[in-house]
Amino acid sequence: MTASFESIFKRLIPAVDFCSLRFVEESTEMLSVRQDIAEPPKTCIDRGVMITVIDKGGYGYAATSDLSESGLRAAIARAHDWAKLTGGRSVADYSAFAMPTPSGQYRTAMPQHVPVSKSEKFEMLKAESAACKIDDRIKDWEAAFWSTHTRQLYVTADGGLVEQEFDFMVPSLSVTAFANGEAQTRSFGGRYNGFCQQGGMEVIARSGFRGSGRQTAEEALALLSAPNCPSDTMDVILMPDQMMLQIHESIGHPLELDRILGDERNFAGTSFVTLDMFGTYQYGSPLLNVTFDPTMAHQFASFAFDDDGAAATKAYIIENGILKRALGGTISQARARTQGSSVEGVSTTRSCSWNRAPIDRMSNLNIEPGASSLEEMISSVDKGVLMRTNSSWSIDDSRNKFQFGCEMGQMIENGKLTHIVKNPNYRGISATFWRSLAMVGNVATQEVMGTPYCGKGEPSQVLRVGHASPACKFSNIDVFGAEG
Amino acid sequence: MQMQNYFYAIADYIDTQIHNGETTLAYLSAEESDFVRFNKNAVRQAGSVKQLMLTLSLINNHRRAESRISLSGERENDEAWVKSTLEALRRDLGDLPEDPYLLFNQTPQSSEHIGESKLPSNADMLDQVMSRGRDKDLVGLFASGVIYKGFANSLGQRNWHRADNFNFEWCLYHTADKAVKNSYAGTHWSDADFARRMAASSAQLEILKRPPKILQPGQYRAYLAPAAVNEIVGLLSWGGFSVKSQRNKQSPLIKLEDGAMALHSSVSLDECSRDGIAPGFQADGFLKAPDVSLIAGGRHTGSLISPRSAREFGIDNNGANAAEAPEALDMAAGTMQRDAMLKSLETGLLIGNLHYLNYSDRMACRMTGMTRFATFWVENGEIHAPLNVMRFDDSVYRLLGDNLLGLTEERDLIVDSGSYGERSTASARLPGALVKNFALTL
């Protein structure tokens, strides 16, 4: 099919400064067992193309699910019309920007494919579901597999050709316990699918999903009888399933170059980071090393080329605490240069599907492991709390004042883990929080997480991103719990 | 009529493909939309999207399987695609156990709604926006076009909903995060209406140029404009009105539902599909109840009940969608006059918008979020200065309970500008709220 798109597109290319075709086909399967009952299985096959035209300074796109030759012809004409209409009225002279002419392929690294039937998957889900109901106080429980196979083709009028193929797997399980008017929910991988990786059923095997039902239910019950997290200023150790959210909201979003250039100010917001800060700004303590890494095997947002066709490689975004690069692709970097900035970016212009135009995203944004073991971090804390698994997140539109909550906390007293606490929350300010990074866990503490739900853009887009992180310790953080 | 005829032809074709004992449900969600994104009163990205998504369910012998597929809009191609999808669903059914919660409408109730409109041409819209935004830092999104929703089952039911509309949401920025937000949504574009809204935004922008006031955390008297109330009610909609969330103890309003807590007696909320802009039918073929009372006199009165929940909990469904999320919330008006609100506020916060809300204590229905856009410090009934953004963290049981001083008589219709996957058809009609204590924490 992709070969025919390429040939039809090449026949129809108009005489313009730049023209591209991006085809996306996603095949998705969602299987779920709730309270030991199989939900009706859901599949989705979504496919379409986006045509982009740049001409005489203008930029236009047209997306269509009509993949016939007449459908492609209409989309090309529509995109061309938009380019003509916006020439001289755009934020920049798009024709002045050199768009990539890429060539290459990408395929999710997977072991030899062993087919697993829907029935077998349902049996796995049923087994974990059945393990959840260990007490009458368990009121709701659900286990699910969400898998997607994606094919992408990117063709440019000047000969660029990229084929990329991805497999994604997202296992999840959550349990809600209730007693005496209070509920606590505990999850495997996070309620919002924090455990998500590229790959097939081998992801399930390495995820720890098997056996998670009983453990998650036990933790939900433990939370139900636990005291509230105390309110105080203290040290916190954030485990990777909370670090992923911390990275995402207070490093990833503020460093998106399109936010810094103002594109998102009507919706997602702006950034406290400005163009002049790159190269010198002390974003965090010297222990903070953040990379854009599209090459990490199995991570959720690994790829070889972004959706503008730019080849993607690993780069340091923050090195030894100093802000180095922005999360911005070809067009944003070129726009920044027109404003006199020499900021460097990375190839991370991406779209959620064929029907949305690419914009700057964070893709795989990771904290590099440090030197401390988890035991060393715990033993260094006189009074603090170790927090696991994000449950709540809120941050201002400049990505500065944040407040995050976790599913589960465990007190640290005199260097030792003690009792579990429920409803742990903390708040801070991005610009100072990362400077309180006191210890970074070693590779043994690292987990490869992410989210399928990064929302941004106008029109809106929800996109897959990855965050790998070790456990990290932060000093003197404003911690609090729930009411009552 | 072209899209309606196409969908009904596809539905008729599906009817020819079913086997004995089978029932099919088909839900079409399609649009032909234009999107123009502005930054600094110039175009950042402009384009069009034509998409047709069909959700096809096959039901037989108390089992159900579902597939969502994109269609081209060309019958011949799509019939083959639908046929192969049905065959795949039929294979899936064979491996499934019976579904004890299966419920779909078996009493055909056909309907048709075709809205009228007068949308601007893209060239005219660009001229209007960019001329009114000249010399201003305007950023936003103009979305317009046709939205189609259709339902058909193999029992002969046919439902159609067509809405041609526009939704322009924009900000005028002064500097950094100091901005005024406004929107203009509807079916008939009027240059004069748009000009009035731009003039109102421009007037507020002048106030934003004053030196900002920096507040310390604490309790403040506050007026929440309808857009800010919409953010609070929007977060409540995240499981708060769903009977499934309530029965499974995941609702943030558990204590309201249990009767352990109550809101102020002036708080009443309905899901008023009758007055909304979303289609009046849902994906299992049920028509939505015209009006479902959720909260009345500050107390829990009802829930959104999907067919699946109805079967699970042994209750009647009221045509809610599968997520049991509201699409046409209607909050009762109060008695306070909006024009007199600054005087009623006396000294405190005038909050135009809130941003990025989430629960900080779900059981206490305590939520946190940020002030955003035009938010001002008011002294002695007059706007004194813009405020730097502040974080709040407070319980809805306080904000819309003991601390609520009153709701405005005037209400705003807020049309959801969301476009995740497709353009939203949700809306809410809400008053403003005056509260005596609003807890700022950071």
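For the structure given in this document, a descriptive report is provided here. As the structure is a prediction and not an experimental result, all values here were calculated from the model.

**Focus: the environment of Met239 of chain A**
All names here are of chain A.
Thought 1: Among the secondary structure elements, Met239 is positioned in the loop between β10 (232-238) and α6 (240-252).
Thought 2: Take Met239: its relative accessible area is 7%, and that puts it in the buried class.
Thought 3: Between the C-alpha atoms of Met239 and Val155, which are 84 residues apart in sequence, the distance is 42 Å.
Thought 4: Apart from the residues lying within four places of it in its own chain, the contact partners of Met239 are Leu374, Leu386, Met387, Arg388 and Ala471.

**Digging into the pattern of salt bridges**
Thought 1: One pass over the full model with this rule turns up 60 salt bridges over all chains.
Thought 2: Residues joined by salt bridges that share partners form a network here, namely Arg427, Asp478 and Glu483 of chain A together with Arg366, Asp393, Asp394 and Arg398 of chain B.

**Digging into unusual backbone geometry**
Thought 1: Note the cis peptide between Glu458 of chain A and Pro459 of chain A, where omega equals -5°.
Thought 2: Mapping Pro459 of chain A onto the fold places it in the loop between β22 (447-456) and β23 (461-469).
Thought 3: For Asn423 of chain A, which is not glycine, the phi dihedral falls at a positive 55°.
Thought 4: With a phi close to 65°, Lys249 of chain B is a non-glycine residue in the positive phi region.
Thought 5: Mapped onto the fold, Lys249 of chain B is located in the loop between α6 (243-247) and α7 (254-257).

**Some thoughts on the sheet that holds strand β11 (residues 290-292) of chain A**
Sheet strands pair via backbone hydrogen bonds, and the direction of the pair is either parallel or antiparallel.
Residue and element names in this part refer to chain A.
Thought 1: What the 4 strands build is an open sheet, ordered β13-β12-β11-β16; its pairing is antiparallel. Edge strands, defined here as strands with exactly one partner in the open sheet, are β13 (322-323) and β16 (365-367).
Thought 2: Here β11 pairs with strand β12 (residues 315-319) via 3 bridges, running antiparallel. For Val290, the partnering residue across the bridge sits in β12 and is Ile318.
Thought 3: Contacts from α6 reach β11, β12 and β16 within the one sheet, and its direction differs from that of β16 by about 115°.

**Let's talk about the nonpolar core**
Thought 1: Membership of the largest hydrophobic core comes to 88 residues, with the highest contact counts inside it found for Ile251, Leu255, Tyr283, Trp434 and Phe474 of chain A.
Thought 2: With residues up to four places along the chain from it excluded, the contact list for Trp434 of chain A reads Met243, Gln246, Ile247, Ser250, Ile251, Tyr283, Gly284, Ser285, Leu288, Ile367 and Phe474 of chain A.
Thought 3: Phe145 of chain A together with Tyr8, Ile14 and Ile69 of chain B belong to the second-largest nonpolar core, a separate cluster that totals 54 residues.

**Focus on empty space enclosed by the protein**
Residues and elements named next belong to chain B.
Thought 1: Evaluated as defined, the whole model comprises 13 cavities of 30 Å³ or more.
Thought 2: Taken together, 16 residues line the largest cavity, and the ones lying closest to its centre are Asn165, Asn167, Asp416, Arg423 and Ser424.
Thought 3: When residues of the lining of the largest cavity are traced back to their parent elements, those giving at least two are β5 (137-153) and β6 (158-175).

**Overview of the interface of chain A and chain B**
Thought 1: The partner chain B presents 88 residues to the 89 residues of chain A that form the contact.
Thought 2: For the pairing of chain A and chain B, the buried interface totals around 7400 Å² over both sides, and the portion due to carbon and sulfur atoms is 47%.
Thought 3: Of all residues in chain A, the largest losses of buried area upon contact with chain B belong to Arg89, Arg265 and Asn266 of chain A, amounting jointly to 11% of the total for that side.
Thought 4: Linking chain A with chain B are 12 salt bridges.
Thought 5: For the salt bridge of Arg265 of chain A with Asp137 of chain B, the shortest nitrogen-to-oxygen distance reads 2.7 Å.
Thought 6: Between the two partners, chain A and chain B, sit 61 residue pairs in polar contact (both at pLDDT 80 or more).
Thought 7: Tallied by class, residues from the side of chain A that touches chain B come to 35 nonpolar, 27 polar and 27 charged.

**Side note on a nonpolar patch on the surface**
Thought 1: Among the surface-exposed residues, Tyr453 and Val462 of chain A together with Tyr420 of chain B lie close enough to one another that they form a single nonpolar patch of about 280 Å² accessible area.
Thought 2: Structurally, the position occupied by Tyr453 of chain A is in strand β22.

**Points about the packing of aromatic side chains**
Aromatic ring pairs are reported here in terms of the distance separating the ring centres and the angle at which the planes meet.
Thought 1: Enumeration over the complete set of coordinates arrives at 42 aromatic pairs over all chains.
Thought 2: Summarising the aromatic geometry, the rings of Tyr192 of chain A and Trp393 of chain A are spaced 5.0 Å apart at their centres and angled 75° between planes, so their arrangement reads as edge-to-face. One end of the pair, Tyr192 of chain A, is in the loop between β8 (182-188) and β9 (197-198); the other, Trp393 of chain A, is in strand β17 (residues 383-395), with 201 residues separating them in the sequence.
Thought 3: For the ring pair Phe142 of chain B and Trp189 of chain B, a centre distance of 5.8 Å and an interplane angle of 75° mean the geometry is edge-to-face. Taken together, the residues span a long stretch of sequence, with Phe142 of chain B in strand β5 and Trp189 of chain B in the loop between β7 (178-186) and α4 (191-208) at a distance of 47 residues. Accessibility assignment for this pair places Phe142 of chain B and Trp189 of chain B in one class, buried.
Thought 4: Counting every residue linked through ring pairs, the aromatic cluster contains Phe38, Phe142, Phe166, Phe168, Trp170, Tyr184, Trp189 and Phe194 of chain B.
Thought 5: For Arg47 of chain A, the ring lying beneath its charged end belongs to Trp81 of chain B, and the centroid distance is 4.2 Å.
Thought 6: Note that Arg265 of chain A overlies the ring of Tyr173 of chain B, its terminal NZ or CZ placed 4.4 Å from the centroid.

Scoring rules and cut-offs
Residues numbered from 1 in each chain as written. Chains lettered and ligands numbered in written order. Predicted model: local features only at pLDDT ≥ 70, side-chain atom pairs only at ≥ 80, totals over all residues. Heavy atoms only, no water. Helix = DSSP H or I, 4+ residues; strand = E, 2+ residues; numbered from the N terminus. Buried < 20%, exposed > 50% of the residue type's maximum accessible area, 1.4 Å probe, protein only. Contact = heavy atoms within 4.5 Å. Salt bridge = Lys/Arg side-chain N within 4 Å of Asp/Glu carboxyl O. Pairing = 2+ DSSP bridges. Axes fitted to C-alpha atoms, helices over the stretch in contact; angles between N-to-C directions. Core = buried A, V, L, I, M, F, W, Y, C linked by side-chain atoms within 4.5 Å. 1 Å grid on protein atoms, 1.4 Å probe; cavity = no way out; pocket = protein on both sides within 12 Å on 5 of 7 lines; lining within 4 Å. Points joined across faces, edges and corners; volume = space filled by probe spheres on them. Buried area = accessible area lost by both parts, 1.4 Å probe. Polar contact = N/O pair within 3.5 Å; in protein donor to acceptor, adjacent residues only side chain to side chain. Nonpolar A, V, L, I, M, F, W, Y, C, P; charged D, E, K, R; others polar. Patch = residues over 30% accessible without salt bridge, like charges linked within 9 Å, V, L, I, M, F, W, Y side chains within 5 Å. Areas by Shrake-Rupley, 256 points an atom, 1.4 Å probe, with all protein chains shown as cover. Phe/Tyr/Trp six-rings, centres within 6.5 Å; stacked < 30°, edge-to-face > 60°. Lys NZ or Arg CZ within 6 Å of the ring centre and 35° of its normal.

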